[in-house]
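Close look at the chain arrangement
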Amino acid sequence: MAKSAKKTASSKSIKKSAPSKSDKKAKSLPAPSTPTKPARPGTKSSVILELLRRDIGATVKELAAAAGWQEHSVRGFMSGTLKKKLGMDVRSRACDGARYYQIEAAGGAQ
């Protein structure tokens, strides 16, 4: 009888479950219109922003070489940081068999 009492006690222990997907969705990123600090001069971010503000724009290869990053990191920076976090309008166009990316030259958070 003592054995069955032990089994009952251990089966009643409550396990905590992982947070549900709806709990994770509650955390959101700040609105893109939130004013942000401009990139500090001389940083990799500022180098990429300067190249993207040129009239012709820049290719992913040019941006990767200038920043010392891999190409997928440059794409992630443009998508995650520039578009989503800073709310910038990154445009792309094909020219001479290459894709050029560009942002507006106006200062501040775009």
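First things first, this report covers the structure right here in the doc. Model, not experiment: these values are computed from the prediction.

1. Considering the side chain of Thr-59
Examined against the element boundaries, Thr-59 turns out to sit in the loop between α3 (44-52) and α4 (60-67). With relative accessibility at 12%, the residue Thr-59 sits in the buried group. If we skip the residues at most four places from it in the chain, Thr-59 touches Ala-98, Arg-99 and Tyr-100.

2. Thoughts on the pairing of strand β2 (residues 98-102)
One ladder, built from 5 bridges, connects strand β1 (residues 91-95) with β2; its direction is antiparallel. In the sheet register, Ser-92 faces β2, and the bridge partner there is Tyr-101.

3. Concerning the packing of α3 against α4
Axis separation between α3 and α4 bottoms out at 9 Å; the angle between their running directions is 150 degrees. Here α3 lies roughly antiparallel to α4, going by the angle between them. In the crossing of α3 with α4, the sense of the turn from one axis to the other is right-handed. In contact with Lys-44, Val-47, Ile-48, Leu-51 and Leu-52 of α3, α4 contributes Glu-62, Leu-63, Ala-66 and Ala-67. A class-by-class count of the residues in the contact of α3 with α4 yields 7 nonpolar, no polar and 2 charged.

Rules and cut-offs
- Residues numbered from 1 in each chain as written.
- Predicted model: local features only at pLDDT ≥ 70, side-chain atom pairs only at ≥ 80, totals over all residues.
- Heavy atoms only, no water.
- Helix = DSSP H or I, 4+ residues; strand = E, 2+ residues; numbered from the N terminus.
- Buried < 20%, exposed > 50% of the residue type's maximum accessible area, 1.4 Å probe, protein only.
- Contact = heavy atoms within 4.5 Å.
- Pairing = 2+ DSSP bridges.
- Axes fitted to C-alpha atoms, helices over the stretch in contact; angles between N-to-C directions.
- Parallel < 35°, antiparallel > 145°, perpendicular 65-115°, else oblique.
- Left-handed = near helix turned anticlockwise from the far one by under 90°.
- Nonpolar A, V, L, I, M, F, W, Y, C, P; charged D, E, K, R; others polar.

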